[in-house]
Amino acid sequence: MKLSYTLITLAALLVGGAVWAEKGVDLNQSPEVTATQQGTIHQPKEQSRKPLNYVNQPPVIPHSVDGYQVTKNVNRCLQCHGTQSYLTTGAPRVSPTHFTDRDGLVSSTVSPRRYFCLQCHVPQTDAKPVVENTFTPASGFGQ
């Protein structure tokens, strides 16, 4: 009985994979690859770092992240900002807060809850606001 369930599951996976491959899915549209269409948003390679607007604000990214992969197996951000590479790349090092897990334990690797950088850090852009923004920085922050 267990063998038949295994065979049925394998057959379903094979058929599903074949159907998926036949449709010609464009992996560039995967949520694991962050990219914008060429020319829709201008993201210069280098910008000065923007001041923070409130306590514990995640810094904005001063360069383009078009095509960066951040998956469970690959994190393009850590190739420059990781603890073993930031000295040679000149990039800011990942914050020590990113090595603490939800239980408060410190690890030598980035915590899973802080691994997906683009959840909190966003690229700077010169895009026009979609809606009016009346936000003002906290006292002593910004500018």
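The model shown is predicted, which means the values in this text are computed figures rather than measured ones.

## Brief notes about the overall build of the protein chain
So, point 1. Along the protein chain, the regular secondary structure elements total 3 helices and 2 strands.
So, point 2. Secondary structure of the protein chain in N-to-C order comes out as α-β-β-α-α.
So, point 3. Among the 143 residues that make up the protein chain, the fraction classed as buried is 18%.
So, point 4. Sequence separation of at least 24 residues holds for 54% of the intrachain contacts in the protein chain that already meet a minimum separation of 6.

## Considerations on the nonpolar core
Inside soluble globular proteins, nonpolar side chains tend to come together where they are buried.
So, point 1. Counting residues in each nonpolar core, the largest one holds 6 residues, listed as Ile61, Val65, Tyr68, Val70, Cys77 and Cys117.
So, point 2. When residues no more than four places from it in sequence are discounted, the contact partners of cysteine 77 are Tyr68, Val70, Gly82 and Cys117.

## A short note on the environment of threonine 100
So, point 1. You can see threonine 100 is positioned in the segment after helix 3 (86-89).
So, point 2. Considered as a pair, threonine 100 and arginine 113 are 13 residues apart in the sequence and their alpha carbons are 9.0 Å apart.
So, point 3. Dropping the residues within four chain positions of it, threonine 100 is found in contact with Leu105, Val106, Ser111 and Arg113.

## Some details on the confidence of the model for the protein chain
So, point 1. Taken over all residues, the pLDDT of the protein chain has a mean of 76, while the share at 70 or more is 68%.
So, point 2. Element-level pLDDT for the protein chain is lowest in strand 1 (residues 33-34), with a mean of 43, against a maximum mean of 90 in helix 2 (residues 78-81).
So, point 3. The model gives residues 29-45 a pLDDT under 50, and that stretch makes 34 contacts with residues more than four places away or in other chains.

## Considerations on the packing of aromatic side chains
So, point 1. Counted by the stated rule, this structure contains 1 aromatic pair.
So, point 2. For the pair tyrosine 115 and phenylalanine 116, a centre-to-centre distance of 5.2 Å together with 85 degrees between the ring planes defines the contact as edge-to-face.
So, point 3. The class of tyrosine 115 is buried, set by a relative accessible area of 16%.
So, point 4. Across from the ring centre of tyrosine 86, 5.9 Å away, lies the NZ or CZ of arginine 93, which sits over that ring.

## Digging into unusual backbone geometry
So, point 1. Although it is not a glycine, asparagine 56 sits at a positive phi angle of roughly 65 degrees.
So, point 2. Look at asparagine 56 and you get exposed, because its relative accessible area is 72%.

## Some details on the side chain of glutamine 57
So, point 1. Secondary-structure assignment places glutamine 57 in the loop between strand 1 and strand 2 (68-69).
So, point 2. Residue class for glutamine 57 comes out buried when judged on its relative accessible area of 13%.
So, point 3. The residues contacting glutamine 57, other than those within four sequence positions of it, are Pro51 and Leu52.

About the thresholds
Residues numbered from 1 in each chain as written. Predicted model: local features only at pLDDT ≥ 70, side-chain atom pairs only at ≥ 80, totals over all residues. Heavy atoms only, no water. Helix = DSSP H or I, 4+ residues; strand = E, 2+ residues; numbered from the N terminus. Buried < 20%, exposed > 50% of the residue type's maximum accessible area, 1.4 Å probe, protein only. Contact = heavy atoms within 4.5 Å. Core = buried A, V, L, I, M, F, W, Y, C linked by side-chain atoms within 4.5 Å. pLDDT = per-residue confidence, 0-100. Phe/Tyr/Trp six-rings, centres within 6.5 Å; stacked < 30°, edge-to-face > 60°. Lys NZ or Arg CZ within 6 Å of the ring centre and 35° of its normal.

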